[in-house]
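Take a look at the letters that make up each chain.
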Amino acid sequence: MNVSRIMLVSNRLMVSEWLSRMASTTPKATVLRGTAIAKDITAQLTKEVAILRTQLPNFQPGLAIVQVGGREDSNVYIRAKIKSASEIGIRTEHVKMPRSTTEAELLLRLDKLNEDHKIHGIIVQMPLDCINKIDSHLITDTVSPDKDVDGLNTINEGRTAVGDFTSFIPCTPFGVIELIKQSGARLAGAEVVVLGRSKIVGTPVAELLKWNHATVTICHSKTKDLKEKCLRADILVVAVGKPELVKGSWVKPGAVVIDCGINAIPDPSKKSGQRLVGDVAYDEASQVASHITPVPGGVGPMTVAMLMKNTVISAQKVADRMLNIKWNLRPLRLKKQKPVPSDIEIARAHEPINVVYLADEIGIYHNEIIPYGSKKAKISLSILDRLQDQRHAKYIIVVGITPTPLGEGKTTTSVGLAQALSVHKGLNALVTLRQPSQGPTFGVKGGAAGGGYAQVIPMEDFNLHLTGDIHAITAAHNLLAAQLDARMFHEATQSDDAMFDRLVPTIKGIRKFSAIQQRRIQKLGINKTDPNQLTKEERARFARLDIDPKTISWTRVIDINDRYLRKITIGQSPTEKGLSRESSFSITVASELMAILALAKNMKDFKERVSKIVVAFSKKGEPVTADDLGVTGAIMVLLKDTLQPNLMQTIEGSPVLVHSGPFANIAHGCSSVLADIVASKLAGKDGYVVTEAGFGSDIGMEKLLDIKSRTSGYIPDCVVLVATIRALKMHGGGPAVVPGRPLDPVYTQENLDLLKKGLPNMIKHINNAKKFGLPVVVSINLHGNDSDAELKMVQDAAMQNGALDAVVSDHYSEGGSGAVKLADAVIAACKRHSDFKFLYDLDKPIEEKIKIIATEMYGAGKIVYSPGVTDKLKMYEKLGYGKLPICMAKTQLSLTGDPTIKGAPTGFDLKINDVHISVGAGFIIPIVGEITTMPGLPTRPAIYDLDVNTETGNIEGLF
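So, a few notes on the structure that sits alongside this text. Small disclaimer: the values here were computed from a predicted structure and weren't measured. (Residues numbered from 1 in each chain as written. Predicted model: local features only at pLDDT ≥ 70, side-chain atom pairs only at ≥ 80, totals over all residues. Heavy atoms only, no water.)

**Remarks on helix H24 (residues 632-639)**
Rule in force here: For every residue, the accessible area obtained with a 1.4 Å probe (protein chains only) is divided by the maximum for its type, and the residue is called buried under 20%, exposed over 50%, and partly exposed between those limits. Helix numbers and strand numbers start at the N terminus; a helix is a DSSP run of H or I with at least 4 residues, a strand a run of E with at least 2. The arc in question is formed by the directions pointing from the helix axis toward the C-beta atoms. We call two residues contacting when some pair of their heavy atoms lies within 4.5 Å.
Those residues of H24 that fall on the buried side of the exposure criterion are Thr632, Ile635, Met636 and Leu639. All buried residues of H24 fall inside an arc of 100° around its axis, so they share one side. Buried residues belonging to H24 abut helix H18 (469-493), helix H20 (515-523), helix H22 (592-599) and helix H23 (603-611).

**A closer look at the pairing of strand S15 (residues 429-433)**
What counts, and what does not: Strand pairing requires that DSSP identify at least two bridges connecting the strands.
The element S15 is extensively covered by neighbouring structure, given that five of its five residues are classed as buried. Neither face of S15 is left uncovered, since the one carrying Ala429, Val431 and Leu433 and the one carrying Leu430 and Thr432 both have all their residues buried. Relative to strand S28 (residues 688-696), S15 is paired through four bridges, and the arrangement is parallel. Bridge assignment links Ala429 to a residue of S28, and that residue is Tyr688.

**Here's the deal with the pattern of salt bridges**
Put simply, the test is: Salt bridges, as used here, are contacts in which a Lys or Arg side-chain nitrogen is within 4 Å of a carboxyl oxygen on Asp or Glu.
Applying the stated criterion across every chain, the model contains 51 salt bridges. One salt bridge in this structure joins Lys640 and Asp641, with 3.0 Å as the shortest N-O distance.

**Things to note about the packing of H18 against H24**
As a reminder, the rule being used: Each axis is a line fitted through C-alpha atoms, taken for helices only over the stretch in contact, and angles between the N-to-C directions span 0 to 180 degrees. Throughout, the term roughly parallel applies to angles under 35 degrees, roughly antiparallel to angles over 145, roughly perpendicular to angles from 65 to 115, and oblique to all others. Note on convention: near helix rotated counterclockwise from far helix by under a right angle means a left-handed crossing. Clockwise means right-handed. Residue polarity is assigned by list, with Asp, Glu, Lys and Arg as charged and Ala, Val, Leu, Ile, Met, Phe, Trp, Tyr, Cys and Pro as nonpolar; anything else, Gly included, falls into the polar class.
Two numbers describe how H18 lies on H24: the axes approach to 9 Å, and their chain directions differ by 165°. By the angle between their axes, H18 is roughly antiparallel relative to H24. Judged by the twist between their axes, the crossing of H18 over H24 is right-handed. Contacts from Ala472, Ile473, Ala475, Ala476, Leu479 and Leu480 in H18 reach Ala634, Ile635, Leu638 and Leu639 in H24. Of the residues assigned to the contact of H18 with H24, the class counts are 10 nonpolar, no polar and no charged.

**Description of the sheet that holds strand S34 (residues 923-928)**
The three strands lie next to each other as S32-S33-S34, forming an open sheet whose pairing is mixed. Looking at strand neighbours, the two that pair on one side only are strand S32 (860-865) and S34, the edges of this open sheet. Here the strands of the sheet are splayed against their neighbours by 45° on average, with no regard to which way each runs. Note that strand S33 (residues 908-918) and S34 share six bridges and pair antiparallel. Looking at S34, one finds that Asp914 is bridged to Ile927.

**Quick word on the nonpolar core**
Basically, it comes down to this: To define a nonpolar core, start from buried Ala, Val, Leu, Ile, Met, Phe, Trp, Tyr and Cys residues and group those joined through side-chain atoms within 4.5 Å.
The biggest cluster of nonpolar side chains holds 179 residues, and the ones touching the most others in it are Leu647, Met762, Val778 and Leu910. Ignoring any residue separated from it by four or fewer positions in sequence, one finds Val778 in contact with Leu721, Ala723, Met762, Ile766, Ala798, Ala803, Asp805, Ala806 and Val807. In terms of nonpolar packing, the next biggest core, distinct from the first, is built from 46 residues, Ala38, Val49, Val149 and Val237 among them.

**A closer look at the sheet that holds strand S2 (residues 62-68)**
With parallel pairing, the three strands of this open sheet are ordered in space as S3-S2-S4. Both outer strands of the open sheet, strand S3 (91-97) and strand S4 (121-124), are each paired with one neighbouring strand and no more. Taking the axes of each pair of neighbouring strands and ignoring which way they run, one obtains an average angle of 15° across the sheet. The pairing of S2 with S4 spans four bridges and is classified as parallel. Bridge assignment links Ala64 to a residue of S4, and that residue is Ile122. On the sheet, helix H4 (residues 103-115) packs against S2, S3 and S4 and is oriented at approximately 165° with respect to S3.

**What to know about the packing of H23 against H24**
It is at 9 Å that the axes of H23 and H24 come closest, and there the two elements cross at 135°. With respect to H24, the element H23 is oriented oblique. The interaxial crossing formed by H23 with H24 has right-handed handedness. Taking contact as the criterion, the partners of Met603, Phe606, Lys607, Val610 and Ser611 in H23 are, on H24, Thr632, Ile635, Met636 and Leu639. Residue composition of the contact of H23 with H24, grouped by class: six nonpolar, two polar and one charged.

**Let's talk about the side chain of Lys376**
What counts, and what does not: Nitrogen and oxygen atoms within 3.5 Å of one another constitute a polar contact, given that in protein one can donate a hydrogen and the other can accept it, and given that sequence-neighbouring residues count only through two side-chain atoms.
Along the chain, Lys376 turns up in the loop between strand S12 (369-371) and strand S13 (377-379). Polar contacts involving the side chain of Lys376 include one to the side chain of Asp461, which spans 3.1 Å. At 2.7 Å, the side chain of Lys376 and the backbone oxygen of Leu466 are in polar contact. In this structure, Lys376 is in contact with Val355, Pro371, Asp461, Leu466, Thr467, Leu647 and Met648, ignoring residues within four places of it in sequence.

**Topic: the environment of Leu276**
Tracing the sequence through the fold places Leu276 in strand S10 (residues 274-277). For the pair Leu276 and Phe500, spaced 224 residues apart in sequence, the C-alpha separation works out to 75 Å. Ignoring anything within four residues of it in the chain, the contact list for Leu276 reads Ile262, Asn263, Ala264, Val295 and Pro296.

**Some thoughts on the side chain of Asn310**
On the secondary structure map, Asn310 appears in helix H11 (residues 299-323). Reaching out from Asn310, the side chain makes a polar contact with the backbone oxygen of Val149 at a distance of 2.8 Å. Sequence-distant contacts of Asn310, defined by excluding residues within four places in its chain, comprise Val149, Phe168, Ile169, Cys171 and Phe174.

**Here's the deal with the packing of aromatic side chains**
Put simply, the rule reads: Note on ring pairs: Phe, Tyr and Trp rings are taken, using the six-membered ring of Trp, and paired if centres are within 6.5 Å. Classes follow the plane angle, with under 30 degrees stacked, over 60 edge-to-face and the rest tilted. Placement of a positive charge over a ring is assigned whenever Lys NZ or Arg CZ falls within 6 Å of the ring centre and within 35 degrees of the normal to the ring plane.
Per the counting criterion, the structure on display carries five aromatic pairs. Residues Tyr395 and Tyr714 carry aromatic rings whose centres are separated by 5.9 Å and whose planes lie at 80° to one another, so their mutual orientation is edge-to-face. Of this pair, Tyr395 sits in strand S14 (residues 394-400) while Tyr714 sits in the loop between helix H26 (697-712) and strand S29 (718-723), and the two are 319 residues apart along the sequence. Between Lys317 and the ring centre of Phe168, over which it is positioned, the NZ or CZ distance is 5.2 Å. In this structure, Arg710 is placed above the aromatic ring of Tyr840, and the distance from its NZ or CZ to the ring centre is 5.0 Å.

**Looking at unusual backbone geometry**
The linkage connecting Lys338 with the following residue, Pro339, adopts the cis geometry, with an omega of -10°. You can see Pro339 is positioned in the loop between H11 and helix H12 (343-348). Omega for the peptide link from Ile457 to Pro458 comes to -5°, which places this bond in the cis form. Here Pro458 shows up in the loop between strand S17 (454-457) and helix H17 (459-463). A positive phi angle, near 50°, is found at Leu466, a position not held by glycine. Within the secondary structure layout, Leu466 lies in the loop between H17 and H18. According to the relative accessible area criterion, Leu466 is buried, its value standing at 5%. One non-glycine residue, Phe695, lies in positive phi territory at about 60°. Locating Phe695 in the fold gives a position in strand S28.

**A word on the pairing of S2**
Counting buried positions over the seven residues of S2 gives seven, a clear majority of the element. Neither face of S2 is left uncovered, since the one carrying Gly62, Ala64, Val66 and Val68 and the one carrying Leu63, Ile65 and Gln67 both have all their residues buried. In the sheet, S2 pairs with S3 via seven bridges, with the strands oriented parallel. What sits directly across from Gln67, in S3, is Lys96.

**Topic: the environment of Leu842**
Tracing the sequence through the fold places Leu842 in the loop between helix H31 (820-830) and helix H32 (846-858). Overall, the relative accessible area of 23% leaves Leu842 in the partly exposed class. For the pair Leu842 and Gly34, spaced 808 residues apart in sequence, the C-alpha to C-alpha distance is 67 Å. The residues touching Leu842, leaving out its near neighbours within four places in the chain, are Arg710, Lys849, Gly882, Lys883, Leu884 and Pro885.

**Details of H4**
Residue pairs three or four apart in sequence face the same way in an α-helix, which turns once every 3.6 residues. Rules: Multiplying 1.5 Å by the residue count of a helix minus one yields the expected span of that helix.
The terminal C-alpha atoms of H4, which comprises 13 residues, lie 19 Å apart, in line with the 18 Å expected from a rise of 1.5 Å per residue. Looking at H4, one finds that the buried residues are Leu106, Leu107, Leu110, Leu113 and Asn114. Viewed end-on, H4 has its buried residues packed into an arc of 120°, placing them on one side of the element. Opposite the buried face of H4, by more than 90 degrees, sit the exposed residues Ala104 and Lys112. Contact partners of the buried residues in H4: S2, S3, S4 and helix H5 (136-142).

In C-alpha cells form, the structure reads like this:
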C-alpha cells in the first residue's frame, strides 16, 4: 500500500470518528477559558506591584495607551485595558489624539512618552482612525523597545525570532503559549500548525513555538492542501480573520485548538443583529479536540493579561535598576610613561569615550543627557524626579593644609581617589568639581583639571569654555548691573508720573502690572491690582527705588584677570547727563550669581535666591533687590540651562560632574549642591561621592560644612586632608615658594628638622576637622624628592594627632592604582560612626559667629573691626539677616589674615576690614585683610605659551 492510500484511509477514519462524535451536542473538549487564567495572572501581578510600592513608595508602573480617532471597537478594548490596569495598580495615561492627527504629530507624542520615566509601557491602539496617511509600521517602531509592551517594535520582534526573550514578547502570542501550557500539552516535539502569518500573531507565535522545541508549520492564504496540513497538527493555532474557516473535520482528534480570531457575523436572534465567532467552527471542533479556546473569553482576555504582565515586567526592570545600582563602567587603559610627561601631553594621549556611552554606563537615560559634542554633556534635572527614592551615597570631602602658592594637589587627589574607588575597587564613585575660571588659566596658576595620571579630560574643555556656564553668569550679572544703572538714570531724569506711566504702560487700552511688578506692589503693602487705582503717593513709591549710589555693591564682572578694572569710572558719556560714578569689575567667579548657582537645590530655589539679591540700599536704608529692579525673570532666562551639571570623565574613564565655580576666597569655594545630589543618586547607597573644598580646612572645609552642608543636608562621612612635604617644610620656616621660580634646595633634599617644625600646621587642620566630629584620613601626596624618613615622620605625626589613617599617595604618577591605599582608608573611615556637629548655631549674633570661626578654625585671639564694620553688622541684624551663616573672605596662604605668616600661630589679632552681604546666596562676608576680587596678570602670564596649532587645530601650552 503506497503512502497516498495510507493517508486517504487515515483521513477517512478521522472523518468517521468526527461524524460519530458530532452525534452528541455536548462539547467533548476541555474548554480553555482565558478569562479564568487571566484572573489568576492579574491576582499575581497585583501582588508584585504591591511589593514594588513597598520597596519604592513613590514608584508606580505606568502604561500609556495612545489612540488616534475614536472607533467604538477600540474604545471597548481600551476600557478593558484601563480596567485591568487599575485592578493591578498600574497607572494608565489614555492619550487621545484627533482623527486629523498627522504622522509627525503622532511621532512627536511618542517621543515624549519614550522620554517620560513614569511611563514603563506604551501601546498604540490599532487600527489608527485617521484621515491622514500614517505608516503604522513606523509608528510601532518609534515606540522605544524598552517600553514596547505590545512587542511590535522590529527590534523586539527580531529578538523573539532568534530566541532572545530578554525583551517583550507580543501579547497575543505570549497568551497563546500560556494557554497551551495550561492544557498540559507537551510542546517539545509536538507538531504544531499555525494558520496565519501576521506580524501581530501568526509569525511571532510560530517563533515562540519553535523556541519551545515544537515542529512548526506556518500556513497562509497561498498554502495548498490546508485541511490535510491541519489534520496533522497536535496543536492548531488559528489567526486568519475568517469566520469559522476551520471546520471540525480539519481537526486531528485529541488536538489542542487555540482560536485567536474574533469576527462579527449576522445573527437576527441577537439584539445587536450580530454575534462574535472565531476563526474555528467551535461547535464542530469542540467535539474532536481535547482542548479548545472559546470566542469570546479565550485568547482575548489573555492578550490583555499579558499586556499587563509585560508592563509590570518593564516596571520591575526599572525598579531593579533603582534598587540595585551597579554601573557597567568600561575603564580606559592608562598609557603611563616615565618620567611623567606634561599634563597636556598625557591628556592628548588618552581619547575619552563618547559621553553618551559613559552616561549609559552609570545609569543616565538618553533623554536625561544633553551632549555638547561627544566629550561633555549636561545632565537634565529631571533625573532627580526619577531617582527621588534613591538613597544617598557616602560623601567624602577633600581639603588641604595651608598650601604653597603652587597648590598641593587637592584636585589631583580628588580625581585620583575617585579613579581608585571606581576603576580599581569596582565601586560606583564620582568626583564633583568646580568649573575653573579662565583667570588662572591665562594667568600664572594654570588649569584646574588635576594633573598627571589623575586628571579630567579633555583638559582643554574643562579649563576653558566647557558648556558656557561662566559666560552665562557673566551676561546675567552684567544685565543686573546695567538695569541698576539704567534705573538710577531714569529716576534722576523723569518725574514720578512719567516713571510710573513708562513702567506700567497702557497697551491696546489695557494697563496692568507684570508678575514681577505685582510682587513689588505686595512688598510695598499696597493691596491693589489695578494700576489706575493707585494714589499719587503710591505711584511714587512704586516708581522710585531712590538708590543711594554710595551703597551700591553690585559691580560688573568678566572672567579674565585685569588689574585695570579694579577701579573705573562709569557714565562719562554726555548722554548720561553727568551721572557718572566710580565702580569696578570683579572676576566672574566672584559673582553672587555663581554662589547662588552653587547652592541652589532646584529651579524654584534658584529663582527665589536670585530675587533676594541685594544690589544696594535706598537713601532710607531699605535694601534694593533684583526683584525690585524687575530683572529676576530675565536673569532666569539667561541662566536656566546653567542649573544642569556637566558630565565629563577622568583619564581612566570614570565619571566627573563639573558644576559652578564660586570664588574660594570670597564665596564658599565648592562645586554645586545639585552636582552632589545628582552624583549621590547615581552612585546609590553603596557608592561614593568625592568632592573638593576650596583651599585648607580653615576656609574651604569650614565653609563647605557650615554653608553648603546646611543647605544640601549632605553631611560628609569622611575628610581627606591633603599634605605635602614641600608645604610642611615651608611652614617650618623654609624659603618662600614663588610660582615661576626654581624651588630652593631645602625642598628637594631631606630636612627632617625643618619638616618637624612645619607639622603643627597639619595638626591644626586635623583638629579643625575633628571639631566637626568627622574622621580624618591624611593623604601625603608623593613628590619625587621626598625621602622615606620624611614620609614616615608625617604619617606618624598624623596618626598621633587624631587622624584615622595617613597614606602616601602616588596618583599623579600612577593614576588610580596609586591611590588604592587611600581608597581603602577612606572606605574604612566611612564605616565608622561620626558625631557631626556644625561649628556654630545660626541663632547666635553675627559677631559671635565670626569670633567662633576665627578662634576655633584660625587660632586667633582677638577680632579687630575697622571703623564702620560693626555699624554694618548692626544694620544687617536690624534688617533680619542676622541668622545667616558666615562666609569669611580670607587669604588661603595663611591661617591668619597675613599671607606671609606660616605655620600654626595662635593668639593673633584678626582684622576685619569690611563686611558685605549676599542675601541671595544666603551668607554674610567679613573681609579679612586685603582681598581683591579682580586678580591681575603677572609679568609673564601663561598667555605667552598658549596657542592653537593651525594644522591640527589642537590647543597647545595649557597646563
